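# A closer look at the structure
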Amino acid sequence: MKNCVVFYFSATGNSLAVALELAQCLNAGEPISIPGSMVLDDPYQPLTGADCVGIVFPVHRAALPEMVRGFIEAMPVKENCYYFAVSTYSLFGCNEFWDADEVLRQKGALLNYAASVHMPGSIGLLAADSLVTAKRLQHVHWEVADIAEEIACGRENTFPRSFKGLGRLVKAYTEYRRRTISFKVGTACTRCGVCAQVCPAHNIKLDKDGAPVPFRSDHCEACLACVHWCPSRVLTAFHPVHSRYHHPAISPEQLNGRFWESADQP
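Residues numbered from 1 in each chain as written. Predicted model: local features only at pLDDT ≥ 70, side-chain atom pairs only at ≥ 80, totals over all residues. Heavy atoms only, no water.

Attention now moves to the packing of aromatic side chains. A complete count under the given rule lists four aromatic pairs for this structure. Here the aromatic rings of Y44 and F71 are separated by 4.8 Å at their centres, their planes lie at 40 degrees, and the arrangement is tilted. With Y44 in the loop between helix 2 (34-37) and strand 3 (52-58) and F71 in helix 3 (residues 66-74), this residue pair connects regions lying 27 residues apart in the sequence. Relative to F84, the ring of Y82 lies with its centre 6.4 Å away and its plane at 45 degrees, an arrangement referred to as tilted. Of the residues examined, F84 reaches a relative accessible area of 2% and is grouped as buried. An aromatic cluster is built from F7, Y44 and F71, whose rings are joined through pairwise contacts. (Phe/Tyr/Trp six-rings, centres within 6.5 Å; stacked < 30°, edge-to-face > 60°. Helix = DSSP H or I, 4+ residues; strand = E, 2+ residues; numbered from the N terminus. Buried < 20%, exposed > 50% of the residue type's maximum accessible area, 1.4 Å probe, protein only.)

Burial analysis of strand 4 (residues 82-89) places seven of its eight residues in the buried class, which makes it a mostly covered element. As for the winding sense of the linkage, the β-α-β connection from strand 3 through helix 3 to strand 4 is right-handed. Across six bridges, strand 4 lies against strand 5 (residues 113-118) in parallel orientation. If you follow Y89 over to strand 5, its bridge partner there is H118. (Right-handed = clockwise from strand over helix to strand, strands pointing away. Pairing = 2+ DSSP bridges.)

As a further point, take the nonpolar core. In terms of nonpolar packing, the biggest core is built from 45 residues, with F7, I72, M75 and F183 touching the most fellow members. Those elements giving two or more residues to this core turn out to be strand 1 (4-8), strand 3, helix 3, strand 4, helix 4 (96-106), helix 7 (194-198), helix 8 (225-229) and strand 9 (235-237). Here I72 is in contact with I55, L64, A100, V103, L104 and K107, once residues within four sequence places are set aside. Among the nonpolar cores identified, the runner-up in size contains 35 residues, and A23, V117, A148 and V194 belong to it. (Core = buried A, V, L, I, M, F, W, Y, C linked by side-chain atoms within 4.5 Å. Contact = heavy atoms within 4.5 Å.)

Here the focus is the sheet that holds strand 3. Taken in spatial order, the five strands line up as 2-1-3-4-5 in an open sheet, and their pairing is parallel. Unpaired on one side and paired on the other, strand 2 (32-33) and strand 5 mark the two borders of the sheet. Relative to the sheet, helix 4 contacts strand 3, strand 4 and strand 5, its axis offset from that of strand 4 by approximately 155 degrees. (Axes fitted to C-alpha atoms, helices over the stretch in contact; angles between N-to-C directions.)

Take the side chain of N14 next. Assignment of secondary structure puts N14 in helix 1 (residues 14-25). By relative accessible area, which is 4% here, N14 ends up buried.

As a further point, take the pattern of salt bridges. For the structure shown, the criterion picks out four salt bridges. Note that E66 is salt-bridged to R69, the shortest N-O span being 3.4 Å. Of this pair, E66 and R69 both sit in helix 3, separated by three residues, roughly a single helical turn. The two residues E66 and R69 agree in class, both being buried. One salt bridge connects D101 with R105, and the closest N-O pair in it is separated by 2.7 Å. Of this pair, D101 and R105 are both found in helix 4, four residues apart, which corresponds to roughly one turn of the helix. Classification of D101 as buried rests on a relative accessible area of 2%. Judged by relative accessible area, which is 48%, R105 ranks as partly exposed. Each of the salt bridges in this network shares a partner with another, and the network as a whole consists of E66, R69 and D99. (Salt bridge = Lys/Arg side-chain N within 4 Å of Asp/Glu carboxyl O.)

This is the structure in C-alpha cells:
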C-alpha cells in the first residue's frame, strides 16, 4: 500500500494513542481527527490518492459513535481502496464493525479488515493510576504492532456480528442517551476551558467570564470527554461515572488535532 491515511475519533485519548502508534507503524503520517477535520471546507481532502483508509474509534455503548457513522456515510469511497477499522473498548463491542461495513457497502465499498484493542475503562471502571490500568496499557503497543502488520500485508478478515435487532436497540438507546444527557458545573470551576477544548461536537462554550456553558442538544456525542478531562473534577453528567479517566500519554491539546484551534479563530 503506497498511501495510507488514518482518521480517528477519541474522547479519553485511548483511540488517539492507538491511532498514533498505528500511523507510525504504517508510515501513514499524522493521524487526522474526525471532529477536527469536520470543521474544514473539505474534510475528505486527505483521501486524495489514498489506497488505504483506516478509522480508529472507541466503542460507545457497544456501537459505532454517531459522529464516526456520519463521517463514513459522507466519505467518498473508491472501489480498489483498502478500508480498515480499529476500535478501542473497555467492556465489549457489539455492532461497531457491522455498522461500518454496512455503510461502506451501501456506498459500493466494504470493510476489509477490523480489529479491537482492549483499553482501560473510559466509563470509569478502573482508576487511571491503578496497576491494572498500567499493565493493560503496556500490552497495547504489541497489539497495535500485530494489527499494523496485518494491515500492511493487506489482510482481510471477518468480524463479530450480532443480531440486527440488538443493533437497533443499541442505536435507539444511544440516541436517547445523547438527547437526554445533561451536565452541571460546580462552583469550584477554575475556568480553564479544557472541557470546551476536548468536546468533539463543539457543544460547550465559554461565557464572557470564561466559565463553561455546557448544553444538552442533538449535537452531544455523550462521550463524556468533558467529564473525564476536567482538571478540577467539578463538571459532572446526569449519567454519572464511577471514576474519571484519560490516557496518561495524551494531552487535551492533542485530542482534536491542529484543525480545532483554527476553527475558533475569527
